[in-house]
Amino acid sequence: MLDVGCGTGTLTLWAKQREPGIDIAGIDGDPAVLRRAATKAEEAGVELDLREALADDLPFEDASFDRAITSLVFHHLPREVKERSAAEIARVLKPGGELHVADWGRGDPLMRLAFLTTRLLDGFERTADNARGRLPAIFEGAGLRDVRETARFRTMSGAMVLLSARR
Ligand SMILES: C[S@@+](CC[C@H](N)C(=O)[O-])C[C@H]1O[C@@H](n2cnc3c(N)ncnc32)[C@H](O)[C@@H]1O
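Residues numbered from 1 in each chain as written. Predicted model: local features only at pLDDT ≥ 70, side-chain atom pairs only at ≥ 80, totals over all residues. Heavy atoms only, no water.

Student: Could you give an account of the overall build of the protein chain, naming the residues involved and the relevant values?
Tutor: Per the secondary structure count, the protein chain includes 6 helices and 7 strands. Along the protein chain, helices and strands appear, N-terminal first, in the series β-α-β-α-β-β-α-β-α-α-α-β-β. In terms of overall size, the protein chain behaves like a compact globule, its C-alpha atoms giving a radius of gyration of 15 Å where 167 residues would be expected to give roughly 15 Å. Considering only C-alpha atoms, the protein chain reaches an extent of 45 × 35 × 25 Å along its principal axes. For the protein chain, contacts bridging at least 24 residues in sequence account for 70% of all contacts bridging at least 6. Carbon and sulfur atoms make up 51% of the accessible area of the protein chain, which totals about 8800 Å². For the protein chain, the distance from the average site of its 24 positive side-chain charges to the average site of its 27 negative ones is 6 Å. (Helix = DSSP H or I, 4+ residues; strand = E, 2+ residues; numbered from the N terminus. Rg over C-alpha atoms; globule rule 2.2 N^0.38 Å. Contact = heavy atoms within 4.5 Å. Areas by Shrake-Rupley, 256 points an atom, 1.4 Å probe, with all protein chains shown as cover. Lys, Arg positive; Asp, Glu negative; His and termini not counted. Charge placed at Lys NZ, Arg CZ, Asp CG, Glu CD.)

Student: A description of the site of the ligand should follow, citing residues and the corresponding values.
Tutor: The full set close to the ligand counts 16 residues, and G5, D28, G29, A55 and S71 are the nearest of them. In the environment of the ligand, an oxygen atom lies 2.6 Å from a nitrogen or oxygen atom belonging to the side chain of D28. Here A55 contributes a backbone N or O atom positioned 2.9 Å from a nitrogen atom of the ligand. The fraction of the free accessible surface of the ligand (600 Å²) that becomes covered by protein chains is 75%. Cavity membership is defined here by more than half of the atoms lying within 2 Å of grid points; on that basis the ligand lies in the second largest pocket. A class-by-class count of the residues in the shell around the ligand yields 9 nonpolar, 5 polar and 2 charged. (Near = heavy atom within 4 Å. Polar contact = N/O pair within 3.5 Å; in protein donor to acceptor, adjacent residues only side chain to side chain. 1 Å grid on protein atoms, 1.4 Å probe; cavity = no way out; pocket = protein on both sides within 12 Å on 5 of 7 lines; lining within 4 Å. Sits in = over half its atoms within 2 Å of the grid points. Nonpolar A, V, L, I, M, F, W, Y, C, P; charged D, E, K, R; others polar.)

Student: Could you give an account of the environment of A131, naming the residues involved and the relevant values?
Tutor: Looking at where A131 falls in the secondary structure, it is placed in helix α5 (residues 128-131). Distance in space between the C-alpha atoms of A131 and A15 is 28 Å, their sequence separation being 116 residues.

Student: Summarise helix α4 (residues 109-122); cite the residues concerned and give the values.
Tutor: Between its first and last C-alpha, α4 extends 20 Å over 14 residues, near the 20 Å set by a 1.5 Å rise per residue. Along its length, α4 shows its largest kink, about 35 degrees, at L116. When α4 is considered as a whole, its buried residues turn out to be M111, A114, F115, T118 and R119. Positive phi shows up at G123, right after α4, with a value of about 105 degrees. (Expected span 1.5 Å × (residues − 1). Bend = angle between axes of the 7 residues up to and from the residue. Buried < 20%, exposed > 50% of the residue type's maximum accessible area, 1.4 Å probe, protein only.)

Quick look at the structure:
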């Protein structure tokens, strides 16, 4: 499994602890958060393959993962980087491999209001695709299929959506 934009590795570690038999890699563009992830993994006695890399230039062979996950990363990326990152994820997934995404999505008026603070912090232009519900189209444009929303949560910071897709 690959965690794209793994940050301090909270989800990466959780996945490995839940399914100890899997090999799991995490990439992030920020070396400081990766050091924190490595410390957390060491303290937990868990082996993770952590690498400094950008989501739109993944350091892995084609078709090398069964699953990819990415949580709260895509809303940080400009549109063209979102598109290139989705294409990179599609490239490294095996045929039939799954992508699971958690990120901000289109919400009702109250959720749009709640999302304003997040948009102010993370940038209105970068978060526009999320606010307009365009992430599924971006993954479809990258050649992924069966793109669907599997859950949606109302939060203090906006509508959180879970998406799944298949290579
Ligand atoms: C809000 S954090 C989420 C971290 C983690 N996925 C989680 O859910 O706890 C966003 C992460 O995305 C990383 N990130 C942002 N743009 C990136 C890019 N282009 N390539 C790789 N990582 C990126 C940041 O360094 C940060 O660690």
